[in-house]
Amino acid sequence: MNERLLAVTAELTHRCPLACPYCSNPLALARKRDEMAGGDWARVIREAASMGCLHIHFSGGEPLARGDLDDLVEAAAEAGLYSNLITSGIGLNDTRAGQLKAAGLDHVQVSFQDSVPRSNDRIAGLKGAFARKIEAAEAAHAAGLALTINAVVHRANVEHVPEMIDLAIALGAERIEIAHVQYYGWAAENHAALLPTRAQLDRATQDVEAARMAHDGALVIDYVVPDFHAARPKACMGGWGRRQMVISPAGRALPCHAAETIPDLGFDDVRTKPLAEIWERSEAFQRFRGTAWMTEPCRSCERREVDWGGCRCQALALAGDAGATDPACELAPTHDRVLALVARATDHPSADYRYRSFSSAVT
Ligand code: SF4
Ligand code: FES
């Protein structure tokens with residue numbers, strides 16, 4: 001098969017001290033009692049490595065909330081995987097950064113909600129969060145861990161892109177990922193408050209271009225644009241079941257973060273089936289793999305092996321059919337739904353967030 005598992009995102013927990021209104025976690029957050037045990041995670045890590053997987057992203061929620069994170073980092077190091085901790089930064093200080101480095105951690109990605117402390121804390125839903133993120137990024141850098149700053153941008157902070165880049169440089173980061181919000185999970189609940197205007201987006205894109213020229217060689221700047229404002233969709237996850245797997249806190253193997261929103265798709269439990277079998281043969285990974293499942297206009301489109309038809313979860317959310325062309329594509333028959341959402345967010349923007357919380361959890 002052409003597909004090869006290269007990266008696993010291990011969503012160790014949905015517990016998190018922050019409450020970002022664009023969180024990609026599902027609305028029904030998993031409880032602590034549902035989380036997979038450390039021994040199972042360690043076995044899955046070894047299985048992934050034996051399949052040729054190269055990277056593991058420890059994610060959440062906040063992975064530092066797991067008491068056994070160091071053991072899992074150690075398991076990844078022993079298996080030869082490059083490990084990345086995706087963190088809010090809350091709970092990462094000099095001591096923890098040193099311990100994780102000693103356990104074999106390679107890389108840390110600290111999220112910032114804004115370069116302005118007050119705004120950062122409002123978006124994160126936690127007072128004092130900005131100061132703790134600074135401490136975390138400094139601790140990671142001082143411990144000798146490779147550092148990426150992750151800045152998710154949207155209507156409230158998109159004009160601060162230059163300041164966020166300056167912040168990343170000041171913190172000693174090697175890379176900054178400026179990612180416009182992707183509209184699934186909690187973000188889909190909040191798009192009237194989050195979606196930037198076209199003018200804001202264009203300005204941010206210019207700011208990124210200018211910063212790339214100014215900081216060439218000193219900082220890598222990755223930039224993810226919002227496909228609501230693009231002519232063609234993103235290749236979500238690099239294509240369904242092509243290179244990546246997400247494992248939920250409860251141990252379900254998912255082709256993407258939001259796959260559980262697709263109602264008629266069955267997901268395997270990594271505790272009861274070998275990872276290689278799930279990757280190669282499970283119904284969930286087969287359903288939208290490759291191009292055979294596509295209908296027109298994707299089926300005969302020259303970009304079908306470039307963007308793989310866009311995002312299945314966005315197609316479900318906006319077109320009511322996970323097998324449809326992503327409505328973000330201008331060629332999709334349902335593209336007017338995206339235009340309507342953009343118009344609504346532009347004409348009737350909301351200032352209020354529905355923050356991520358466990359109050360709507362069903363597990
Ligand atoms: Fe991509 Fe399908 Fe749009 Fe072509 S028609 S650009 S394959 S989403
Ligand atoms: Fe599921 Fe894009 S989030 S395919």
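Our subject is the structure that appears above.
Since this is a predicted model, take the numbers as computed values, not measurements.

Trainee: Please clarify how the pairing of strand β8 (residues 244-247) should be interpreted in this entry.
Mentor: The side chains of a regular strand alternate, first on one face of the sheet and then on the other. Neither face of β8 is open: one carries Gln244 and Val246, the other Met245 and Ile247, and all of them are buried. Sheet topology places β8 next to strand β9 (residues 253-254); two bridges connect them, and they run antiparallel. Bridging across to β9, Val246 finds its partner in Leu254.

Trainee: In this structure, what is going on with helix α12 (residues 312-319)? I would like to understand it.
Mentor: Most of α12 sits inside the fold, with six of its eight residues counted as buried. Those residues of α12 that fall on the buried side of the exposure criterion are Arg312, Cys313, Gln314, Ala315, Leu316 and Leu318. For α12, the elements touching its buried residues are α13 (335-347). Gly320, located one to two residues past α12, shows a positive phi value of around 75°.

Trainee: Can you walk me through unusual backbone geometry in this structure?
Mentor: Most peptide bonds take the trans configuration, and most residues that are not glycine carry a negative phi. Cis geometry marks the peptide bond from Gly60 to Gly61, where omega comes out at 15°. As for its placement among the helices and strands, Gly61 is situated in the loop between β2 (55-59) and α2 (69-79). Residues Glu296 and Pro297 are joined by a peptide bond in cis, for which omega reads 5°. Within the secondary structure layout, Pro297 lies in the loop between α11 (283-287) and α12.

Trainee: Is there a simple way to think about the sheet that holds β2 in this case?
Mentor: Strand-to-strand pairing in sheets goes through backbone hydrogen bonds, with the strands running parallel or antiparallel. An order of β7-β6-β5-β4-β3-β2-β1-β8-β9 is seen for the nine strands of this open sheet, with the pairing classed as mixed. Sheet topology places β7 (220-224) and β9 at the edges, where each strand pairs with a single neighbour. With four bridges joining them, β2 and strand β3 (residues 82-87) adopt parallel strand pairing. Bridge pairing in β3 places His55 opposite Tyr82. With respect to the sheet, helix α6 (residues 161-170) is in contact with β4 (107-112), β5 (146-153), β6 (175-180) and β7, its orientation differing from that of β6 by roughly 155°.

Calculation criteria
Residues numbered from 1 in each chain as written. Chains lettered and ligands numbered in written order. Predicted model: local features only at pLDDT ≥ 70, side-chain atom pairs only at ≥ 80, totals over all residues. Buried ≥ 20, exposed ≤ 12 C-beta atoms within 10 Å, placed from the backbone. Helix = DSSP H or I, 4+ residues; strand = E, 2+ residues; numbered from the N terminus. Pairing = 2+ DSSP bridges. Contact = placed C-beta atoms within 7 Å. Axes fitted to C-alpha atoms, helices over the stretch in contact; angles between N-to-C directions.

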